[in-house]
Amino acid sequence: SSESPALKLVVVGHVDHGKSTLIGRLLHDTGSLPDGKAEAVIRMSERRGMPVEWAFVLDALQAERDQGITIDTTQIFFNTDKRNYVIIDAPGHTEFLKNMVSGAALSDAALLVIDAKEGMQEQSRRHGYILHLLGVRQVAVVINKMDLVDYREERYQELTGEIRKYLSGLGLEAAAIVPVSAREGQGLVAAPDKMSWYAGPHLVEVLDGFSPPVLPTDRPLRLPVQDVYKFDDRRIIAGRIESGRIRTGDRILISPSNKSVTVKSIESWNTPSPALSASAGQSVGITLSEQLFIERGQVISHEANPPIESNVFRARIFWLGRKPLEVGKRYKLKLATNEQMVDVQSIETVIDVENLTSAAGDKLERNGIGEITLRARAMLALDEFSENPKTGRFVLVDEYDTVGGGIIFMEGYPDQRSS
Ligand code: GDP
């Protein structure tokens, strides 16, 4: 229904395997395109003397954005009878991988698109691996361009075996492997009449079968402190609630200083009177029962469910830097509102995405993935990614460039909270 939040979907796969075409066609076939868009795409294709090129839908939507009608440049909305979806990154977008690892794109589910004729390619494997690294657990595979292999079941079976083997090596299981032709509109919103041998669900059935997103409201409270404003004798602590809910009178914990205090009031910026409670997604200012030293970068939680405190942690990282990541190098860590310098203490493994092997190494090259240990001088408040994706991920910055994105695992590093 339209009340529940949209399911965030990311569409990945090798270049030219048909991601844009699939999205364009899906938007059209689910009746999600604005008036006139389909006609524009058909005219544009005719003018170029080609079959209808559904990938143009993305260009047409982009053109609309350029005129300032839609604000967000990376979100594409569509809906089925069951619910709303938002595709949170456009394929081919140069910032795509960076967005995925830096947390700009946190998806609830993913579609991995594979060309029926070409089969899995290096990028398909790499993207599959990144989904695994990012903890995206709901994945469906779309075998596209079935028209190019005459809709043959043998080809589908052959690819299916290969794909399942690859995914199970990652500990992932595809919700389904759906044969389609995005260009011909086979298998997207109805059973594919050209593939009567296929008894599985069509694409929209698979999408509608995904579990709804876990609302950040249902996770423990995390309010990273953004700013502290002083008015006369009052101090207002400002920030965005990343998860959970906060109420006046709550006993809260400030991490990493590990002090507890009571919430006196909650000021919401856009309502005139103080609120009794606020929840994930809201930006708030709170006042406390006593004056504590609080600064940007600290995290507010409830005593019963605090973040981890440690100055050393393990992470899986995707490296984007031109210069390799090396043991002993120092980078700026950005974790929620916290920014501080960290040293690369060790690189446990460098992962070869093509062969899915991991080996010890002392550096991580651009586009490489590895498991590393980072050490900061001071304590940090952090979460394991699996516990809280919002506060369990970080980026590394070198000078002014984002050079890596990672997710946190504590593995072997205990909480160092002092009692
Ligand atoms: P992307 O790079 O993954 O976004 O791929 P595109 O959507 O741009 O498609 C790449 C090319 O494959 C285009 O020329 C499409 O027309 C073509 N293509 C996409 N889907 C199909 C399909 O189902 N069948 C055939 N024959 N061609 C397709």
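Everything numeric here is computed off the predicted structure, so don't read it as measured data.

J.: In this structure, what is going on with the site of the ligand? I would like to understand it.
T.: Taken together, 16 residues lie around the ligand, and Asp16, Ser20, Thr21, Asp147 and Arg183 are the ones closest in. A distance of 2.8 Å is found between an oxygen atom of the ligand and a side-chain nitrogen or oxygen belonging to Lys19. Between the ligand and Lys145 there is a distance of 3.0 Å, counted from an oxygen atom to a side-chain nitrogen or oxygen. Contact with the protein chains removes 84% of the 580 Å² of surface that the ligand exposes when unbound. A total of 3 residues in the shell around the ligand trace back to one element, the largest contributor, which is helix 1 (residues 19-29). The residue inventory of the shell around the ligand, partitioned by class, reads 3 nonpolar, 7 polar and 6 charged.

J.: Honestly, the sheet that holds strand 2 (residues 76-79) in this entry has me stumped. Any pointers?
T.: Across a sheet, paired strands are connected by hydrogen bonds in the backbone, their directions being either parallel or antiparallel. With mixed pairing, 6 strands are arranged side by side in an open sheet as 2-3-1-4-5-6. Of all the strands in the sheet, just strand 2 and strand 6 (174-179) have a single pairing partner and so form its edges. Between one strand axis and the next, the sheet turns by 25° as a mean value, whatever way the strands run. Looking at chain direction, strand 4 (residues 109-115) and strand 5 (residues 139-144) are connected through 6 bridges and run parallel. Bridged to Val113 within strand 5 is Val142.

J.: Can you help me understand unusual backbone geometry in this one?
T.: Across residues other than glycine, the phi torsion is negative in most instances, and most of the peptide bonds are trans. Cis geometry is adopted by the peptide bond preceding Pro256, which originates at Ser255 and carries an omega value of 5°. For Tyr151, which is not glycine, the phi torsion reads 55° and is therefore positive. Tracing the backbone shows Tyr151 in the loop between strand 5 and helix 6 (153-170). For Tyr151, a relative accessible area of 11% corresponds to the buried category. Of note, Ala336 is a non-glycine position whose phi angle comes to about 50°, a positive value. Take Ala336: it is sitting in the loop between strand 17 (330-335) and strand 18 (338-352).

J.: Please clarify how the sheet that holds strand 10 (residues 251-255) should be interpreted in this entry.
T.: Strand order around the closed barrel formed by 6 strands is 7-8-13-11-10-14, with antiparallel pairing between neighbours. On average, each strand axis in the sheet is inclined to that of its neighbour by 50°, with strand direction left out of account. Bridging between strand 10 and strand 11 (residues 259-268) involves 4 bridges; their strand directions are antiparallel. Note that in strand 11 the partner of Ile252 across the bridge is Val261.

J.: Explain the environment of Arg219 here, please?
T.: On the secondary structure map, Arg219 appears in the loop between helix 7 (203-209) and strand 7 (223-231). For Arg219, a relative accessible area of 23% corresponds to the partly exposed category. Taking C-alpha positions, Arg219 is 41 Å from Arg183, a pair spaced 36 residues apart along the chain. Beyond its immediate stretch of four places on either side in the chain, Arg219 contacts Val214, Ser243, Gly244, Ser386, Glu387, Asn388 and Pro389.

J.: I would appreciate a short explanation of the packing of aromatic side chains in the present structure.
T.: Two descriptors summarise a pair of aromatic rings, namely the distance from one centre to the other and the angle between the planes of the rings. For the coordinates displayed, the defined rule picks out 6 aromatic pairs. On the basis of an interplanar angle of 45° and a centroid distance of 5.3 Å, the ring pair of Tyr156 and Trp197 is categorised as tilted. You can see Tyr156 sitting in helix 6 and its partner Trp197 sitting in the loop between strand 6 and helix 7, a full 41 residues away along the chain. A relative accessible area of 24% means that Trp197 is categorised as partly exposed. Look at Trp197 and Tyr198: their rings are 6.2 Å apart centre to centre, the planes differ by 80°, and that puts the pair in the edge-to-face class.

Analysis parameters
Residues numbered from 1 in each chain as written. Predicted model: local features only at pLDDT ≥ 70, side-chain atom pairs only at ≥ 80, totals over all residues. Heavy atoms only, no water. Near = heavy atom within 4 Å. Polar contact = N/O pair within 3.5 Å; in protein donor to acceptor, adjacent residues only side chain to side chain. Areas by Shrake-Rupley, 256 points an atom, 1.4 Å probe, with all protein chains shown as cover. Helix = DSSP H or I, 4+ residues; strand = E, 2+ residues; numbered from the N terminus. Nonpolar A, V, L, I, M, F, W, Y, C, P; charged D, E, K, R; others polar. Pairing = 2+ DSSP bridges. Axes fitted to C-alpha atoms, helices over the stretch in contact; angles between N-to-C directions. Buried < 20%, exposed > 50% of the residue type's maximum accessible area, 1.4 Å probe, protein only. Contact = heavy atoms within 4.5 Å. Phe/Tyr/Trp six-rings, centres within 6.5 Å; stacked < 30°, edge-to-face > 60°.

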